Amino acid sequence: GMATPLIFAYGGYWLMGEEAHIVVLATHPQWRRRGLAEAVLLEMLAQMRSVDVNEVTLEVRSGNVAAQELYRKLGFEEVGRRKRYYRDNGEDALLLTLFHLQDGKVAG
């Protein structure tokens, strides 16, 4: 029969005027470490910039070092922490913000 279509990576965000909040950025487990999340993130940031977003926020698990490295590479800064934010394992969330998206430092 027909092959099941696979979603390799996806992202989503909320727009709130000059601010945006990334609510999800995920990559299929078998397709990680290939730059897919970075490509999706850069596309989201390009879309945000085109509608005059200047500040982007997100939460990331304190144990998800790979994701944190990607965000920091693109200019996100840690601005806070939510204790025991993730109910499944009680992990903290780091709050990251990318300031001055309109300055154009991020590729995209």
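This one's a predicted model, so the numbers in the text were calculated from it and none came from an experiment.

Please give an account of the pairing of strand S5 (residues 91-98) that cites residues and values.
For S5, a buried count of eight out of eight residues is recorded, marking the element as mostly surrounded by other parts of the structure. Pairing geometry for strand S3 (residues 55-61) and S5, over six bridges, is antiparallel. If you follow Val-56 over to S5, its bridge partner there is Leu-98. One ladder, built from six bridges, connects strand S4 (residues 77-86) with S5; its direction is antiparallel.

How would you sum up the packing of aromatic side chains? Please name residues and give values.
Applying the stated criterion across every chain yields a total of three aromatic pairs. Taking the centre distance of 4.2 Å and the plane angle of 50° together, the rings of Phe-8 and Trp-31 count as tilted. Of this pair, Phe-8 sits in the segment before strand S1 (9-16) while Trp-31 sits in the loop between strand S2 (19-27) and helix H1 (36-50), and the two are 23 residues apart along the sequence. Here the aromatic rings of Tyr-85 and Tyr-86 are separated by 5.0 Å at their centres, their planes lie at 85°, and the arrangement is edge-to-face. Residue Tyr-85 is classed as partly exposed on the basis of its relative accessible area of 36%. Of note, Arg-34 hangs over the ring of Trp-31, and the distance from its end group to the ring centre comes to 4.3 Å.

Kindly report on the layout of surface pockets, identifying the contributing residues and their values.
What the largest pocket holds in volume is close to 740 Å³. Along the walls of the largest pocket sit 27 residues, with Leu-25, Ala-37, Asn-64, Ala-67 and Tyr-71 positioned nearest its centre. Elements with a minimum of two residues in the lining of the largest pocket: S2, H1, S3 and helix H2 (65-73). Its residues assigned to classes, the lining of the largest pocket shows 15 nonpolar, four polar and eight charged.

Explain the pattern of salt bridges residue by residue, including any values.
A side chain of one charge can pair with a side chain of the opposite charge if their charged atoms are brought near each other. In the structure shown here, the tally under the stated rule is seven salt bridges. One salt bridge connects Lys-83 with Asp-92, and the closest N-O pair in it is separated by 3.6 Å. Three or more residues joined by partner-sharing salt bridges are found here, namely Arg-61, Asp-88 and Glu-91.

I'd like a rundown of H2, residues and numbers included.
Taken residue by residue, H2 has Ala-67, Gln-68, Leu-70 and Tyr-71 as its buried positions. Taken end-on, H2 shows its buried residues confined to a sector of 160°, consistent with a single buried face. Along H2, the residues that are exposed and aim more than 90 degrees away from the buried face are Glu-69 and Lys-73. Where H2 is buried, its residues meet S2, H1, S3 and S5. Downstream of H2 by a residue or two, Gly-75 has a phi angle that is positive, lying close to 105°.

Rules used in this analysis
- Residues numbered from 1 in each chain as written.
- Predicted model: local features only at pLDDT ≥ 70, side-chain atom pairs only at ≥ 80, totals over all residues.
- Heavy atoms only, no water.
- Buried < 20%, exposed > 50% of the residue type's maximum accessible area, 1.4 Å probe, protein only.
- Helix = DSSP H or I, 4+ residues; strand = E, 2+ residues; numbered from the N terminus.
- Pairing = 2+ DSSP bridges.
- Phe/Tyr/Trp six-rings, centres within 6.5 Å; stacked < 30°, edge-to-face > 60°.
- Lys NZ or Arg CZ within 6 Å of the ring centre and 35° of its normal.
- 1 Å grid on protein atoms, 1.4 Å probe; cavity = no way out; pocket = protein on both sides within 12 Å on 5 of 7 lines; lining within 4 Å.
- Points joined across faces, edges and corners; volume = space filled by probe spheres on them.
- Nonpolar A, V, L, I, M, F, W, Y, C, P; charged D, E, K, R; others polar.
- Salt bridge = Lys/Arg side-chain N within 4 Å of Asp/Glu carboxyl O.
- Arc of directions from axis to C-beta.
- Contact = heavy atoms within 4.5 Å.

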